[in-house]
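Listed here are the chains, written in short residue letters.
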Amino acid sequence: MRTSQRTGWAGWAALAYLAFPIYGSLVPFRWQARDPAEAFQAFVALLQGPLLIDSRPDFAANLLLAAPLALLLQGGRRAWAAPLVWCACSLLALSMEAAQMFFSGRNPALSDVLAQSIGAACGATAACLLPPSFWQRSQHEQQAWRRRFFIYLAGLALYALMPLDLTTSLSELLRKWREGGVRLLPFQGWARSPWTELTSSLLDIGLWTLAGWLAARAYPRAGWRVLLGLFALAVGLELAQLLVMSRITDVTDLMASVAGLAFAHQLSQRHAVPDALRGLNNDQPLLRWAAALAVSLALVLLATWPWQAVGSGAELRARMAAQSWLPFVSYTLSQELGLLTSLLRRVFAFAALALAWRWALQPKGSALQRALWLGLPCAATAALIECLQLGLRGQTSDSGDAVLALLAAAGIAQWHGGVLHLGARTPATTHSQAERPGRVSAVWAWAALSLALLASLGLNHLPGLPYNVRELFGGFGGMAAPALLLGMAALPAAAAWLAQRADPARLGAVRASLWQLPTPAILLALWLLLWAPTESLHDVVGTPTLGVGDAAELFARLAVLLLGLLWALALGLAGAWSGRRGWLLGLHAVWVLPLWHGVVVWGANTDNLVELMAGGGSLHATLCWLGYLTLLGLSAAWLWRGGTLRRLLALLLMPLIGWSLLQSGTEAMLIKYGQAFSALQFLLSEDRQHYAQGAALHARFAIAHGLLLAGSWAALTWCAIVRRWPRPADA
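Everything in this summary refers to the structure shown in the same document. Just so it is clear, the structure is predicted and the values come from calculations on it, not from any experiment. (Residues numbered from 1 in each chain as written. Predicted model: local features only at pLDDT ≥ 70, side-chain atom pairs only at ≥ 80, totals over all residues. Heavy atoms only, no water.)

### Some points on the overall build of the protein chain
Okay, so step 1: Along the backbone of the protein chain there are 28 helices and 6 strands.
Okay, so step 2: Taking the principal axes of its C-alpha atoms as reference, the protein chain extends roughly 95 × 70 × 55 Å.
Okay, so step 3: Counting every position in the protein chain, which comprises 731 residues, the buried fraction comes to 42%.
Okay, so step 4: Once local pairs closer than 6 in sequence are excluded, the contacts in the protein chain between residues at least 24 apart make up 76%. (Helix = DSSP H or I, 4+ residues; strand = E, 2+ residues; numbered from the N terminus. Buried < 20%, exposed > 50% of the residue type's maximum accessible area, 1.4 Å probe, protein only. Contact = heavy atoms within 4.5 Å.)

And the structure:
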């Protein structure tokens, strides 16, 4: 039988929360001398009215400010204490408004007192309605997790509806629609503010990841059903945001919620921890330290972007003189929603940093000792960010970030279990026990593919997209993008299938590969003919000139092009398995290479890929292009199957070799459109007027290579899950 004992956690939580309204009401603490009698008369006049509510969001924010305090003060007490709690909270509100008379920059208002009084009444009433078990510590672990889960969901729903400027007016809703407040396609609005939209999506992923992880702890046997319920909640909150004037209803937010819930599902499965991370807890501390330092460096670079330094020492001194060293002063300059969003972004960022350093340091001892060990690198990183922001234009330095870093470190130090415990392996399961997880994994694989196809509808809204890609995915008004992405995803998936089937030990493997290799190329060519813009296909394989039928010639050229790409990629992906699969696929070079070079290069009668190849289409260029695809496939195979060293080589060394191959196999100088540029600039630049060069070109190649590598790895993983391929032992 479950036993319960009464605890005083609500009182301690109320005491800790009390600092929040007091500090927020008086910051930035600029004292101004004032006659007490005059201040008293002004305050009495303020209370006499008139009552003016200048801003609905401000009124709602003050209401929400007092509600948690009253809720915690009333928690666990009898109902007769509710009026006393309300009086105490209302008196606190009056005291804070009166104290603001003596601080410059603060504007006391009667509406603030009214809002906080209403919030206190709501909080005290809600505390009386909650069951007594909510305020008691239960020895039933799942019951405690469920309490945390529902508290978090309440906070998540409240954040989704902030700043509570609700409306049901049809005219206001139509105005919101006309102003772009409803986005039905993914990534709409990213072109105007890509950094803001990216960070917002990452925040949404983090919020729903935490929701899914808490759900897995609260309902461990519910499985995917609780995640489906959370997705329904995400849809409901997104629809509710239609009634919030300052919030944007966006399909991208729903995609972020799916990504977060999927990630939470993987975190909650012990068997989902990559094998490469197991064993790094003790025997490879340098890699753990390198990972933690990389996270710290990435956080510093992202927090100080775009790195525009001040122009002179005088400007730096002026910024330092105007700097307030009180924590969270800059937060008060934002509206309620912006303040909360900025706070959540920093909390998640520093929590990720604390996780990385906990993995690297693996501190022992009590929770306080672990918090001190984690607090040092986290606070040092936050301090470095604040110091750099002082010397950068467009940046605001606030010592409150260091406080958040210390709080995040303390929270992670208290955390037991989850993704940090990587040492233990999952016990062996029988075939019947493993059958259900296999089906669930296949469902997640299909769901991930569907999500990627949905995201492709908004591909053309992404900023910085190369011109050629934008043109390719722009067919049928962008509605053909999912079909094109499906065809492109089928290329590495078919290559993975070919690599897995090319087992010399299999009877008739050589003969079977003769028809297995061209079949996917033919099917993909037919698919692309249906959905890709004809002009884009002509740019790739050239305009038909042989007079045998434009469609037939275009299909034949496209099929041969895809055949070479498929073969080269499969040759690299064969590295995921032991045996002589690579040798068997390599034998096909005897006929694939001459056919590909003859049709794509020698047989080209118009401008196509040949003009981008070094030497006008030399054999050396052909080998470099196909060699890059083989390198890409091998990198994906090593990421899927290789050991730690091979994975590091795939991520660090292979991109450099790939850059060298493409540099050697592409034309270094083209004169076209009245400009001179290289083939790589032509392929990777955003438009035909501004060609990327130098570091920008290298960055674009790194992003493109990373996306191609991720796509190849995802296709290999997807096939392995859906086809239930056994994963070979790590090399």
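### Comments concerning a nonpolar patch on the surface
Okay, so step 1: Taken together, the side chains of Trp195, Leu198, Leu202, Leu297, Leu301, Leu302, Trp305 and Trp307 make up a nonpolar region of the molecular surface, amounting to roughly 800 Å² of accessible area.
Okay, so step 2: For the nonpolar patch, the elements supplying multiple residues, two or more each, are helix H8 (194–218) and helix H11 (285–304).
Okay, so step 3: Turning to its location among the elements, Leu198 is positioned in helix H8. (Patch = residues over 30% accessible without salt bridge, like charges linked within 9 Å, V, L, I, M, F, W, Y side chains within 5 Å. Areas by Shrake-Rupley, 256 points an atom, 1.4 Å probe, with all protein chains shown as cover. Salt bridge = Lys/Arg side-chain N within 4 Å of Asp/Glu carboxyl O.)

### Focus: the packing of aromatic side chains
Two aromatic rings, taken as a pair, are described by how far apart their centres are and by the angle between their planes.
Okay, so step 1: Enumeration according to the criterion identifies 16 aromatic pairs in this entry.
Okay, so step 2: When the centroid spacing of 5.7 Å and the interplanar angle of 50 degrees are considered together, the rings of Trp577 and Trp640 count as tilted. Residue Trp577 is found in the loop between helix H22 (550–573) and helix H23 (581–586), and its partner Trp640 is found in helix H25 (residues 619–641); the two are separated by 63 residues along the sequence. Like Trp577, the residue Trp640 is buried in the burial classification.
Okay, so step 3: Clustering of aromatic rings is evident, with ring pairs tying together Trp31, Phe102 and Phe103. (Phe/Tyr/Trp six-rings, centres within 6.5 Å; stacked < 30°, edge-to-face > 60°.)

### Quick notes on the nonpolar core
It is characteristic of soluble globular proteins that their nonpolar side chains tend to be buried jointly.
Okay, so step 1: Counting 88 residues, the largest nonpolar core has Leu558, Leu573 and Leu716 as its most contacted members.
Okay, so step 2: Of the residues forming this core, the biggest block, 13 residues, is contributed by H22.
Okay, so step 3: Among all residues touching Leu558, those that are not within four sequence positions of it are Ala525, Leu528, Leu529, Leu537 and Val541.
Okay, so step 4: Formed by 23 residues, the second largest nonpolar core is a distinct cluster that contains Trp213, Ala218, Val226 and Leu344. (Core = buried A, V, L, I, M, F, W, Y, C linked by side-chain atoms within 4.5 Å.)

### Thoughts on the environment of Ala351
Okay, so step 1: Locating Ala351 in the fold gives a position in helix H13 (residues 336–361).
Okay, so step 2: With residues up to four places along the chain from it excluded, the contact list for Ala351 reads Ala408 and Ile412.

### Points about the side chain of Glu553
Okay, so step 1: Mapped onto the elements of the fold, Glu553 is located in helix H22.
Okay, so step 2: Exposure remark for Glu553: the relative accessible area of 4% places this residue in the buried category.
Okay, so step 3: With near-sequence residues (within four places) excluded, Glu553 lies in contact with Thr543, Pro544, Thr545, Leu546, Gly547 and Val548.

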